Amino acid sequence: MTDEARQAAEQAAERRSGALRAAVARRLVSEEQPVVGLLDTAGVRRSATALHAAFATPGVAVQHTFAVKAASLVPVLGLLREYGLGAEVASPGELALARAAGIPPAMTVLDSPAKSTAELREALALGIAVNADNPEELARIDALLAAAPSASPLGLRVNPQVGGGSIDAMSTATATSKFGVALRDPGAEEWVLRSYAERPWLTRLHTHTGSQGVPLPLMAAGVRAAYDLAERINAAAGRQQVTTLDIGGGLPVDFTSDATDPTFGAYADLLRAEVPGLFDGRYGIVTEFGRSLLAKHGTVLARVEYAKSAGGRPIAVTHAGAQVATRTVFAPDAWPLRVLALDPQGRPKTGEPVVQDVAGPCCFAGDLVARGRALPLLAAGDHVALLDTGAYYFSTHFAYNALPRPAVWAYAGEPGAEPGFAPVRAAQTLDELLAESGAALPPLQP
Ligand SMILES: *Cc1c(COP(=O)(O)O)cnc(C)c1O
């Protein structure tokens, strides 16, 4: 880590400590609201700036989009738009969120593997970029374009089949991945070349090699394979038919410390070395990062309701479990989180570390966010903070046990100063929960 990066990480940790204390003092977390999500806007700005700087290249048009699934919150998408990021969407809901955040169609990319005809028709009417996932989808687009012209930039998603990373569920470039056209399958490349030759409007090529757990060299190999294919398509066409390469997202995040590692800069440098032609001005670049833009900037803060012991194991029963840390609870080995033990005022607890479990409120035995973790012994009235949860955690609530979606607050301010808080999402009320559970519907007839 450079001195500058170390200092930035220390400042972010200091801002976080201040926000945790202030959130307790201002009762953003309380008996009524026992769990909240907190987002550090200064950190988000820093990541967005680093992303722009990493890829900026004279003569190359770069459009960074944010993968909406990583934080499906309109104010967050709006903030990212202020920092020049568009949106990568994968459902009608995500598209609606991006539009509500004011992200223009020209900065939006639609990538889902299961786009319906209605969804495709809307995207083509709006002029949103669409990456077709498979031959059947491409045929649907043919039919829609025959019925109505579209300004949408159109491409095809390919799976370079370069292999998986350390988390199977996150590896999209395995031999049998469900995403895109599997390039190394017999006849696949010939089909791709023919498809582009027959469709002069196919001007993009898309690949996304995977998310957390995929090492940088594998990501770069995926981009390299897509670039090489684009070169072959263009050679066959005798012109620059593919003008834009969409290289997806997937930069992994360090969940073990406050460090940002790897950085956008390291990835862009690797791409410059491995795929130099990508930066020589013949191609525009689209990126779709999610986790790496937000994870480090979010924290789940929750109250400890009870402290107990079972079989000699101390257990802190908190209000943060599978509903806000779904992946960590269901796949604890793949998604370990750092947990801070905080006192009733939201300050770091001191005291000898004691091996304990940190449990959530859900009614199943596996609802643990940390197992056998050495932390100062937690007691009722204390708090816990789940770090690095700014992407995919509190924004992607799991509605188990009819637990309400927690509020999310953004904090801003200088390290050491009292932070200001702005609402990002209100906590779900019991009335809203009842309404979405069919409470207003007539009873079923027995
Ligand atoms: C999920 C996803 C992303 C973002 O992945 P991260 O690991 O959050 O960066 C980008 N592109 C596509 C197609 C995705 O499915």
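Thresholds applied
Residues numbered from 1 in each chain as written. Predicted model: local features only at pLDDT ≥ 70, side-chain atom pairs only at ≥ 80, totals over all residues. Heavy atoms only, no water. Domains from an automatic or database assignment. Contact = heavy atoms within 4.5 Å. Buried area = accessible area lost by both parts, 1.4 Å probe. Salt bridge = Lys/Arg side-chain N within 4 Å of Asp/Glu carboxyl O. Helix = DSSP H or I, 4+ residues; strand = E, 2+ residues; numbered from the N terminus. Axes fitted to C-alpha atoms, helices over the stretch in contact; angles between N-to-C directions. Parallel < 35°, antiparallel > 145°, perpendicular 65-115°, else oblique. Left-handed = near helix turned anticlockwise from the far one by under 90°. Phe/Tyr/Trp six-rings, centres within 6.5 Å; stacked < 30°, edge-to-face > 60°. Buried < 20%, exposed > 50% of the residue type's maximum accessible area, 1.4 Å probe, protein only. Lys NZ or Arg CZ within 6 Å of the ring centre and 35° of its normal. Near = heavy atom within 4 Å. Polar contact = N/O pair within 3.5 Å; in protein donor to acceptor, adjacent residues only side chain to side chain. Areas by Shrake-Rupley, 256 points an atom, 1.4 Å probe, with all protein chains shown as cover. Expected span 1.5 Å × (residues − 1). Arc of directions from axis to C-beta.

Caption draft 1: Representation of the domain arrangement of the protein in the model. Examined at the domain level, the protein breaks down into domain 1 (3-40 + 295-433) and domain 2 (111-289). For domain 1 versus domain 2, the distance between C-alpha centres works out to 36 Å. With 12 residues of domain 1 at the interface, the matching set in domain 2 holds 11 residues. Buried surface at the junction of domain 1 and domain 2, both sides included, amounts to about 960 Å², of which 63% is carbon and sulfur. Area buried by domain 1 at its contact with domain 2 is led by Lys296, Trp335 and Arg338, which between them contribute 51% of it. Between domain 1 and domain 2 we count 2 salt bridges in total.

Caption draft 2: Up close: the environment of Ala114. Along the chain, Ala114 turns up in the loop between strand E4 (108-110) and helix H5 (117-126). Residues Ala114 and Val408, spaced 294 residues apart in sequence, show a C-alpha to C-alpha distance of 30 Å.

Caption draft 3: View of the packing of helix H1 (residues 3-25) against helix H2 (residues 41-55). Where H1 contacts H2, the two axes come as close as 10 Å, and the packing angle between them is 155 degrees. Taken as axis vectors, H1 and H2 run roughly antiparallel relative to one another. Judged by the twist between their axes, the crossing of H1 over H2 is left-handed. Contacts between H1 and H2 involve Glu4, Ala5, Ala8 and Arg15 on the former and, on the latter, Ala42, Gly43 and Arg46.

Caption draft 4: The environment of Gly93, seen in detail. Considering the arrangement of structural elements, one finds Gly93 in helix H4 (residues 92-100). Remark: the alpha-carbon pair of Gly93 and Leu77, spanning 16 residues in sequence, is separated by 13 Å.

Caption draft 5: Inspection of the packing of aromatic side chains at higher detail. Across all of its chains, the model carries 12 aromatic pairs by this definition. Between Tyr267 and Phe289, the ring centres sit 6.1 Å apart and the planes meet at 90 degrees, which makes this aromatic pair edge-to-face. Of this pair, Tyr267 sits in helix H9 (residues 264-274) while Phe289 sits in strand E10 (residues 284-289), placing them 22 residues apart in sequence. Given a relative accessible area of 0%, Phe289 falls into the buried group. Their ring planes at 80 degrees and their centres at 5.2 Å tell us that Phe364 and Tyr400 sit as a pair that is edge-to-face. Here Phe364 is found in the loop between strand E14 (353-359) and strand E15 (368-376), whereas its partner Tyr400 is found in the loop between strand E16 (383-387) and strand E17 (407-412), with 36 residues between them in sequence. The exposure class assigned to Phe364 is partly exposed, which follows from its relative accessible area of 22%. Put simply, the rings of Phe55, Phe264, Tyr267, Phe279 and Phe289 pair up and form one aromatic cluster. Directly above the ring of Phe279 sits Arg272, whose terminal nitrogen or CZ lies 4.5 Å from the centroid.

Caption draft 6: Fine view of the site of the ligand. By nearness alone, 15 residues border the ligand, and Lys69, Ser211, Glu288, Arg291 and Tyr392 come closest of all. Side-chain polar atom of Lys69 to an oxygen atom of the ligand: 2.8 Å apart, as the coordinates give it. In the environment of the ligand, an oxygen atom lies 2.5 Å from a nitrogen or oxygen atom belonging to the side chain of Tyr392. Relative to its unbound accessible area of 390 Å², the ligand is 94% covered by the protein chains.

Caption draft 7: Quick peek at the environment of Thr326. Structurally, Thr326 is set in helix H11 (residues 326-330). The sequence separation of Thr326 and His397 amounts to 71 residues, and the corresponding C-alpha distance is 7.8 Å. Here Ala322 takes part through its backbone oxygen, which lies 2.7 Å from a polar atom of the side chain of Thr326.

Caption draft 8: Spotlight on helix H6 (residues 135-147). If you check H6, its first and last C-alpha atoms are 19 Å apart, about what 13 residues at 1.5 Å a residue would give, namely 18 Å. Residues of H6 that are buried: Glu137, Leu138, Ile141, Leu144 and Leu145. Here the buried residues of H6 occupy an arc of 120 degrees about the axis, which is enough to place them on one side. Residues Glu136, Ala146 and Ala147 are exposed on H6 and point more than 90 degrees away from its buried face. Here the buried face of H6 lies against H5, strand E5 (129-132), strand E6 (154-159), helix H7 (188-198) and strand E8 (202-206). Backbone nitrogen of Glu136 and a side-chain oxygen of the N-cap are separated by 3.0 Å at the start of H6; the cap is Asn134.

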